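# Observations on chain architecture
Here's the letter readout for the chains.
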Amino acid sequence: MTSINRRTILRGAAATGALIAAPGLVRAQAPAIKIGILQPVTGALAQDGEYGRLGAEIALNEINAAGGIKSMGGARLQMVFGDARSNPEGGTSEVERMQGEGVAAIVGGFASPIVLASSQAASRYDIPYICDVGVSDQIVGRGLKNTFRFGPGFGNVTSTAIENLVKLNDAAGKAAKTVVIVHEDGLFGAGMAKLLQTQLPPRGFEILETIAHPTPSRDMSNVALRIRALNPDLVIPSSYYAEFVLLSRTMQQQRIRPKGIYAILNGAASNFRFVKEFPDAANLVMDCNHWADPRKPKTAQVKALAEQGGRFWLYNTPLNYSCVLLLADAIERAGSADRGKITEALAASTFSDHIMPYGPTKFVNGQNMGAAPVNTQVQNGDIKVIFPSEFADAKAVFPAV
Amino acid sequence: MLKLDIFLSALANGLMTGAVYALISLGLTLVYGVLHIINFAHGATLTAAMFAVLIAHTVFGLDPYLAVFVLTPLFFALGYGVQRFVINPASHGNDSNILLVTLGLSIIIENALLAGFRSDTRSIDVPYGFSVVEVGNLFLSVPKLVAFVASFVVALLLWLLLAHTDTGKAIRAVAKEKTGAALSGVNVDHIYAVTFGLGAACLAIAACLLMPTFLVNPRIGNAFVLVAFTIVVLGGMGSIAGALVGGLIIGVVESLSGLYFGESLGQIGIFLIFILVLLFRPTGLFGAKA
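What you are looking at is a predicted structure, and each value in this text was computed from that prediction instead of being measured. (Residues numbered from 1 in each chain as written. Chains lettered and ligands numbered in written order. Predicted model: local features only at pLDDT ≥ 70, side-chain atom pairs only at ≥ 80, totals over all residues.)

Across its full length, chain A carries 13 helices and 14 strands. Taken over C-alpha atoms, the radius of gyration comes to 23 Å for chain A, in line with the 21 Å a tight globule of 401 residues would show. Principal axes of the C-alpha set define a box for chain A whose edges measure 75 × 60 × 40 Å. Residues classed as buried in chain A amount to 55% of the 401 residues present. Taking the intrachain contacts of chain A between residues at least 6 apart in sequence as the baseline, contacts between residues at least 24 apart amount to 68%. (Helix = DSSP H or I, 4+ residues; strand = E, 2+ residues; numbered from the N terminus. Rg over C-alpha atoms; globule rule 2.2 N^0.38 Å. Buried ≥ 20, exposed ≤ 12 C-beta atoms within 10 Å, placed from the backbone. Contact = placed C-beta atoms within 7 Å.)

This next bit is on the environment of Ser159 of chain A. Mapped onto the secondary structure, Ser159 of chain A falls in helix α5 (residues 154-171). Residues Ser159 of chain A and Leu200 of chain A lie 41 residues apart in sequence; the distance between their C-alpha atoms is 9.9 Å.

Now for the sheet that holds strand β9 (residues 260-264) of chain A. Residues and elements named next belong to chain A. One open sheet holds the 7 strands; their spatial order is β7-β6-β8-β9-β10-β13-β14, and the pairing between them is mixed. Of all strands in the sheet, those bounded by a partner on one side alone are β7 (206-213) and β14 (382-387). For this sheet, the mean inter-axis angle between neighbouring strands, taken without regard to orientation, is 25 degrees. The pairing of strand β8 (residues 234-238) with β9 spans 2 bridges and is parallel. Bridge assignment links Val235 to a residue of β9, and that residue is Ile261. Of the strands in this sheet, β6 (178-184), β7, β8 and β9 are in contact with helix α6 (residues 187-199), which crosses β6 at around 160 degrees. (Pairing = 2+ DSSP bridges. Axes fitted to C-alpha atoms, helices over the stretch in contact; angles between N-to-C directions.)

Residue and element names in this part refer to chain A. When cut into domains, chain A gives domain 1 (30-152 + 294-370) and domain 2 (155-289 + 375-387). Computed from C-alpha coordinates alone, the two centres of domain 1 and domain 2 are separated by 29 Å. Taken together, the contact pairs 16 residues of domain 1 with 20 residues of domain 2. Listing elements by their share of the side of domain 1 that touches domain 2, those giving two or more residues are α2 (46-65) and α4 (112-123). Of the residues belonging to the side of domain 1 that touches domain 2, the class tally is 11 nonpolar, 3 polar and 2 charged. (Domains from an automatic or database assignment. Nonpolar A, V, L, I, M, F, W, Y, C, P; charged D, E, K, R; others polar.)

Residues and elements named next belong to chain B. Where helix α1 (residues 4-35) contacts helix α9 (residues 220-235), the two axes come as close as 9 Å, and the packing angle between them is 65 degrees. The angle between α1 and α9 falls in the class roughly perpendicular. Two packed elements cross with a definite hand, and for α1 against α9 that hand is right-handed. In contact with Tyr21, Ala22, Ile24, Ser25, Leu28, Thr29 and Tyr32 of α1, α9 contributes Phe224, Val227, Ala228, Ile231, Val232 and Gly235. For the contact of α1 with α9, a count of residues per class yields 10 nonpolar, 3 polar and no charged. (Parallel < 35°, antiparallel > 145°, perpendicular 65-115°, else oblique. Left-handed = near helix turned anticlockwise from the far one by under 90°.)

Turning to helix α10 (residues 240-261) of chain B, a few remarks are in order. An α-helical turn contains 3.6 residues, so a residue and the one three or four places further along point in the same direction. Residues and elements named next belong to chain B. Compared with the 32 Å implied by 1.5 Å per residue over 22 residues, the 31 Å span of α10 between its first and last C-alpha is a close match. When you tally the buried positions in α10, you get 18 out of 22 residues, the bulk of the element. At the exit of α10 stands Gly262, carrying a positive phi of roughly 95 degrees. (Expected span 1.5 Å × (residues − 1).)

Once that is clear, we can look at the pairing of strand β2 (residues 77-83) of chain A. Two faces, one strand: in a regular strand the side chains alternate between the faces of the sheet. All names here are of chain A. In terms of strand pairing, strand β1 (residues 33-39) meets β2 through 7 bridges, oriented parallel. Across the sheet, Lys34 pairs through a bridge with Gln78, a residue of β2. Taking the sense of rotation as the criterion, the β-α-β connection linking β1, α2 and β2 turns out right-handed. (Right-handed = clockwise from strand over helix to strand, strands pointing away.)

All names here are of chain A. With respect to burial, β9 is a largely interior element, 5 of its 5 residues being buried. With helix α8 (residues 241-253) bridging β8 and its parallel neighbour β9, the resulting β-α-β unit is right-handed. Where β9 meets strand β10 (residues 286-289), 3 bridges bridge the pair, whose relative direction is parallel. What sits directly across from Ile264, in β10, is Cys288.

Bringing the environment of Trp159 of chain B into the picture now. With respect to the element layout, Trp159 of chain B can be found in helix α5 (residues 142-164). When the C-alpha atoms of Trp159 of chain B and Ser25 of chain B are compared, they prove to be 14 Å apart, with 134 residues separating the residues in sequence.

Right, let's get into the interface of chain A and chain B. With 24 residues of chain A at the contact, the number on the chain B side is 22 residues. Listed by contribution, the elements that provide at least two residues to the side of chain A that touches chain B are β7, α7 (221-230) and α8 of chain A. Looking at the side of chain A that touches chain B element by element, the count peaks at 7 residues for α7 of chain A. Across the side of chain A that touches chain B, the residue classes break down as 9 nonpolar, 8 polar and 7 charged.

Looking now at unusual backbone geometry. Residue and element names in this part refer to chain A. Residue Phe387 is joined to Pro388 through a cis peptide bond whose omega torsion reads -10 degrees. In this fold, Pro388 is placed in the segment after β14. Note that the residue after Phe398, namely Pro399, is joined by a cis bond; omega there is -5 degrees. Tracing the sequence through the fold places Pro399 in the segment after β14. For Ser86, which is not glycine, the phi torsion reads 65 degrees and is therefore positive. Mapped onto the elements, Ser86 comes out in the loop between β2 and α3 (88-101). Judged by local crowding, Ser86 falls into the buried class, with 27 C-beta atoms found within 10 Å. The phi dihedral of Leu265 falls on the positive side, at around 50 degrees, and the residue is not glycine. With respect to the secondary-structure elements, Leu265 resides in the loop between β9 and α9 (272-277).

Take the confidence of the model for chain A next. Looking at chain A, the pLDDT average stands at 90 and 93% of residues meet or exceed 70. Residue range residues 23-27 of chain A is modelled with pLDDT below 50. Its contacts to residues more than four positions away, or to other chains, number 2 contacts. (pLDDT = per-residue confidence, 0-100.)

Structure follows, in structure tokens:
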């Protein structure tokens, strides 16, 4: 029997120390480049933030494992993480801290109000800011040179969603005529509702009512009751995760079964956690949202990494993964961690090695013009792509009843 | 206009939520009736109780409805201890000091929870969380129905305790005339602490009834304490029947104004009532004349 004594422990500690120090010694020649990753990982939006961070981590690990930024002598990318605490103030205070730590660029934000405030704060220090999700079109409409949005804004998503809804409805012999819009009362949901109110009536849909609710909401009974009273053909919800789960479960509880639930940029409708935990409430819910390109071989690899340890596949992960790769490509071409040079390289980006269904990147006034949403539907415990037809893997089930 | 069954559903929802509001207000009104101070730590204590239910469920796998039998005595003991050994000594016999001490306690509790659990919103998932009972055209949520019945049972027990036990008589005596009660041999410090303990125990029960359908974060108590305060004012400060009736009224008002004015404005009705009561009937529905 061996006994553990002081010498054994010292020997072990020395070996561990050497192991930890070794990679640092090998790569000591190129200083690391600090990248700010901003996500809300506490508060109402914590789940989205965690999955966004996961995507960024996967990308950073991949880049570093492949030898870092080659034009800068293999410089590694180092994450400076900031918790936006699910509110704009949290976002801006983390931007200030990241400025203090000397980040070269910031990726993330998730919710529109957080992105609006934190990209503005970043612009004061000329820090390039890549918005991962925030869909409010004000984000790229302010003329901020530092702000880039890789994904689609809600103007784009809504028009695609409406286009596809009309196709869907025509194919079903115009099954749906009446609509109730349910939206969270913040920047994202309220903006969405306003767009829908102007765009749906000319296409033959009658909007019976637009119901707002706050985030977080503790009870959706009243919203469900109103839907039951109005008895619409179609419910269009734009809410974050917890509220939509609550609403769909309350609708199930109250036996409210419209012909379709057609979500737009919903926080839950294309979320595997929702589908796995509440399969009955989730079944046949449609969504028009961000979604990774299933045709790209790298998508499956990232998905496998993301799903390790019982986690779920949410759009936040591929979006943030792609945004970090986009940034790394810009740094590679800039050959420098200088913020101005990175901003220029981003503005001129034609990056196409991402896993979103977008094609080559092209920024006009900060907006990636190729960005496009995808229509999905929950079918028997799986999330299927129903539009665009180029890579749809299922036919839409509509009307659902 | 909305159909009758929608109105009835909202009414039933309001009554069921209102019963839990009443339970939360019971503790507040009891402490006010006896100690003649507003317990500012009421909301924070409720938050702490809700986190206790969360821990009981996630760590020990204890169902919220079983946790009630553990947490109620625990919170009674906590309430008793805090009043007897912290609030009372710190107040130095001056009632207005109690106000400040409870305010300080609420800040300590809230921030301790914030440090321990961060600001995340959490909930627990129980199999019966979304079960319903069908009554005609109405689908009543099972956990809410349980909460409704349980709240009435607790109110009844509390009333029996106050009306028919020696402790209850002592509590009422202290509430009416502290010095007189002390002269007749009632241990006033002990009765104060028992009252505080009862208030905390009511909150523990409310937390167990709320958690199956509700969420918790370190600031959640504030949302309830404002409502509870309105109920206490509406029902009459210190009145148990007032808290019960006031709770039901506020629950219904909140539910119906949510239905007719929308979720974002749902609480407007409550605060309108608060202002109107203060203007026209400051003693409340069941309050004694000042």
